[in-house]
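# Analysis of the macromolecular model
Residues per chain, in single letters:
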Amino acid sequence: MFAHNNSQYFPDTANNRVRAIGAPYYAGPASTGRVSTGFASTGTAFAGTTGATGINVVTTVAGNGTGASGGDGGLATAAAIYQPWAVALDDTTGNLYISDCWGHRVRLVTPNGFISTVAGNGTTLSAYYSVVNATWGTLFNPAGLAFCNNTLYIASQGA
């Protein structure tokens, strides 16, 4: 998933985080060389390839590594996200949507880094009533997301 600033967002499912790879510091031709990585003392990862002139920074956008779901209203990097499987970006607002799969929710990260739940209430029980608010309804492992024409589409694995 690419943003307008050439960053790429992706779920790091095994580590319960969502990460971003920034645009290279020094733009250069693509290379089929070996990938080299390193970490700064702050925990920021760097990746580059031999023969290329670009170095990419990999940062955590959301998730603290805990296999749980929580932290709404706070910073996304301090929040718990349980097995994120997909991300979708609203290019107009810069909002990033995350499928908190095992948390049975869809989360939203604002451009200023705060997180909230926008769909699902954390349970998998079927609800047979009219849902007035998306956070009152249930989702079962939301695994796919797409954002198109100001509408968020959610693919859930079950009822």
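Residues numbered from 1 in each chain as written. Predicted model: local features only at pLDDT ≥ 70, side-chain atom pairs only at ≥ 80, totals over all residues. Heavy atoms only, no water.

## Examining the nonpolar core
For clarity, the threshold we go by: To define a nonpolar core, start from buried Ala, Val, Leu, Ile, Met, Phe, Trp, Tyr and Cys residues and group those joined through side-chain atoms within 4.5 Å. Remark: exposure states derive from per-residue accessible area (1.4 Å probe, protein chains only) relative to the maximum for the residue type, with buried under 20%, exposed over 50%, and partly exposed in between. Elements are defined by DSSP. Helices are runs of H or I of four residues or more, strands are runs of E of two residues or more, and each kind is numbered from the N terminus.
Residues Tyr9, Val18, Ala62, Leu96, Ile98 and Val109 are the most contacted members of the largest nonpolar core, which totals 14 residues. Counting only elements with at least two residues in this core, the list comes to β2 (17-21), β5 (55-62), β6 (84-89) and β7 (96-100). Residues Ala88, Leu108, Ala119 and Leu139 belong to the second largest nonpolar core, which totals eight residues.

## Examining the packing of aromatic side chains
The condition is simple: Pairing of aromatic rings covers Phe, Tyr and Trp, the last counted by its six-membered ring, and requires centre-to-centre distances within 6.5 Å; plane angles under 30 degrees mean stacked, over 60 mean edge-to-face, and any other angle means tilted.
Inspection of the entire model under this criterion finds two aromatic pairs. Taking the centre distance of 5.4 Å and the plane angle of 85 degrees together, the rings of tyrosine 82 and tryptophan 102 count as edge-to-face. Of this pair, tyrosine 82 sits in the loop between β5 and β6 while tryptophan 102 sits in the loop between β7 and β8 (105-109); the two residues are 20 residues apart in sequence, bridging distant segments of the chain. Using a relative accessible area of 28% as the deciding quantity, one classes tyrosine 82 as partly exposed. Note on tryptophan 102: relative accessible area 39%, which makes it partly exposed. An angle of 10 degrees between the planes, with centres 5.4 Å apart, marks the rings of tyrosine 97 and phenylalanine 147 as stacked. Taken together, the residues span a long stretch of sequence, with tyrosine 97 in strand β7 and phenylalanine 147 in strand β10 (residues 140-148) at a distance of 50 residues.

## Looking at the environment of glutamine 8
Residue placement: glutamine 8 occurs in strand β1 (residues 8-12). The partly exposed category is assigned to glutamine 8, whose relative accessible area is 29%.

## Notes on the sheet that holds strand β9 (residues 115-119)
Stated formally: Note on pairing: two strands pair once DSSP finds at least 2 bridges between them. Note on geometry: axes are lines fitted to C-alpha atoms, helical ones only across the stretch in contact, with angles between N-to-C directions running from 0 to 180 degrees.
Overall, antiparallel pairing links the four strands, which are arranged β6-β7-β8-β9 in an open sheet. Each having just a single partner strand, β6 and β9 make up the two edges of the open sheet. Between one strand axis and the next, the sheet turns through 30 degrees on average, direction left out of account. Of the pairings in the sheet, the one linking β6 to β7 comprises four bridges and is antiparallel in character. Bridged to valine 87 within β7 is isoleucine 98.

## With respect to the pairing of β1
Examined bridge by bridge, β1 and β2 share five bridges and lie antiparallel to one another. Each residue of the ladder has a partner; that of proline 11, found in β2, is valine 18. In this antiparallel pair of consecutive strands, β1 and β2, the connection spans four residues, and asparagine 16 shows a positive phi of 55 degrees.

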